[in-house]
Amino acid sequence: MNGLMKLDRIDINILVQLQKDGRISNVNLADAVGLSPSPCLQRVKRLEQAGFITGYEAHINLTKITDSVTVFTEVTLSGHRREDFMKFENAVRDVDELMECHLITGGYDYLLRFITRSIEHYQEVIEKMLDAQIGIDKYFSYIVIKSPIMKSSVPLRSLIAKHNSVDFSV
């Protein structure tokens, strides 16, 4: 945890509950984690100030608003110096349709996830990136047909349980 504050089981339970429902009232959150409201609010504020909670957001049901296409793209860069990676990352940071960018190991350098209006729109985005000459040597696109499982919260308890022998149950 890089010398930051230690999290106890109540802190973890607060984080788990807030991942499930970021709009939960402090009274209901306190009840869910076994605290009274005032100490619960203090812990939430402390978790926010320490950077464990970085924000709250609404999950949008995009299918109720518009049609869209999700595309995963493997990208291989032409150069592999530090400057090449920095140039690419800085250039794609402002691409609105780019939802995720991961530097990975294996047969290519980056795995990107785009959400666009259509396949044609995706092609426009990729061509603009190619025209910008940001070091893309080759790319492969994978159009998502169906996403039967999509999670927005991480399995915090199971990720931490292996490193601690703390009982996180409430």
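A quick note: this is a predicted structure, and the numbers were derived from the prediction, not measured.

(A) Region of interest: the packing of aromatic side chains. Under the counting rule described, the total for this entry stands at 3 aromatic pairs. Centroid distance Phe-85 to Tyr-110: 6.1 Å. Interplanar angle 55°. Geometry classified as tilted. With Phe-85 in helix H4 (residues 82-92) and Tyr-110 in strand S3 (residues 110-116), this residue pair connects regions lying 25 residues apart in the sequence. Of the residues examined, Tyr-110 reaches a relative accessible area of 1% and is grouped as buried. Geometrically, the ring pair formed by Phe-114 and Tyr-122 is edge-to-face, given 5.5 Å between the ring centres and 70° between the ring planes.

(B) Here's a closer look at the packing of helix H1 (residues 9-20) against helix H2 (residues 26-33). Put simply, H1 and H2 touch, their axes get as near as 9 Å, and they point 130° apart. Taken as axis vectors, H1 and H2 run oblique relative to one another. As for how H1 packs across H2, the hand of that crossing is right-handed. Residues Ile-10, Asn-13, Ile-14, Gln-17 and Leu-18 of H1 form the contact with H2, whose participating residues are Leu-29, Ala-32 and Val-33. Counted by class, the contact of H1 with H2 contains 6 nonpolar, 2 polar and no charged residues.

(C) Region of the structure containing a nonpolar patch on the surface. Side chains of Phe-72, Phe-140 and Tyr-142 sit close together on the surface and give an oily, nonpolar patch of about 290 Å² of accessible area. Considering the arrangement of structural elements, one finds Tyr-142 in strand S4 (residues 136-143).

(D) Structural view of the packing of H2 against helix H3 (residues 37-49). Where H2 meets H3, the axes come as close as 9 Å, and the angle between the chain directions of the two elements is 95°. When the interaxial angle is binned, H2 and H3 end up roughly perpendicular. Packed against H2, whose contacting residues are Asn-26, Val-27, Leu-29, Ala-30 and Val-33, the element H3 presents Pro-37, Cys-40, Leu-41 and Val-44 at the interface. Split by residue class, the contact of H2 with H3 holds 8 nonpolar, 1 polar and no charged.

(E) Local environment of helix H5 (residues 119-131). In this model H5 runs 18 Å from its N-terminal to its C-terminal C-alpha over 13 residues, within 8% of the 18 Å that 1.5 Å per residue would give. His-121, Tyr-122, Val-125, Ile-126 and Met-129 are the residues of H5 that are buried. Within H5, the buried residues cover an arc of 135° as seen down the axis, which keeps them to one side. Exposed and oriented more than 90 degrees from the buried face of H5 are Glu-120, Lys-128 and Asp-131. In this structure, the buried side of H5 is in contact with strand S1 (69-77), H4, S3 and S4. Note on H5: the residue one or two positions beyond its end, Gln-133, has a positive phi of about 50°.

(F) A look at the side chain of Asp-11. Tracing the chain through its elements places Asp-11 in helix H1. Within polar-contact distance, the side chain of Asp-11 engages the side chain of Arg-43 at 2.9 Å. Residues contacting Asp-11, with those up to four places away along its chain left out, are Lys-6, Arg-43, Arg-46 and Leu-47.

(G) Region of interest: a negative patch on the surface. On the surface, Glu-120, Glu-124, Glu-127 and Asp-131 cluster together into a negatively charged patch. Looking at the element boundaries, Glu-127 is found in helix H5.

(H) Highlighting the environment of Met-5. Within the secondary structure layout, Met-5 lies in the segment before H1. Looking at Met-5, the relative accessible area reads 22%, which means it is partly exposed. Placed 108 residues apart in sequence, Met-5 and Arg-113 show a C-alpha to C-alpha distance of 33 Å. For Met-5, the residues in contact, after removing those within four places along its chain, are Arg-46, Leu-47, Ala-50 and Phe-52.

Calculation notes
- Residues numbered from 1 in each chain as written.
- Predicted model: local features only at pLDDT ≥ 70, side-chain atom pairs only at ≥ 80, totals over all residues.
- Heavy atoms only, no water.
- Phe/Tyr/Trp six-rings, centres within 6.5 Å; stacked < 30°, edge-to-face > 60°.
- Helix = DSSP H or I, 4+ residues; strand = E, 2+ residues; numbered from the N terminus.
- Buried < 20%, exposed > 50% of the residue type's maximum accessible area, 1.4 Å probe, protein only.
- Axes fitted to C-alpha atoms, helices over the stretch in contact; angles between N-to-C directions.
- Parallel < 35°, antiparallel > 145°, perpendicular 65-115°, else oblique.
- Left-handed = near helix turned anticlockwise from the far one by under 90°.
- Contact = heavy atoms within 4.5 Å.
- Nonpolar A, V, L, I, M, F, W, Y, C, P; charged D, E, K, R; others polar.
- Patch = residues over 30% accessible without salt bridge, like charges linked within 9 Å, V, L, I, M, F, W, Y side chains within 5 Å.
- Areas by Shrake-Rupley, 256 points an atom, 1.4 Å probe, with all protein chains shown as cover.
- Salt bridge = Lys/Arg side-chain N within 4 Å of Asp/Glu carboxyl O.
- Expected span 1.5 Å × (residues − 1).
- Arc of directions from axis to C-beta.
- Polar contact = N/O pair within 3.5 Å; in protein donor to acceptor, adjacent residues only side chain to side chain.
- Lys, Arg positive; Asp, Glu negative; His and termini not counted.
- Charge placed at Lys NZ, Arg CZ, Asp CG, Glu CD.

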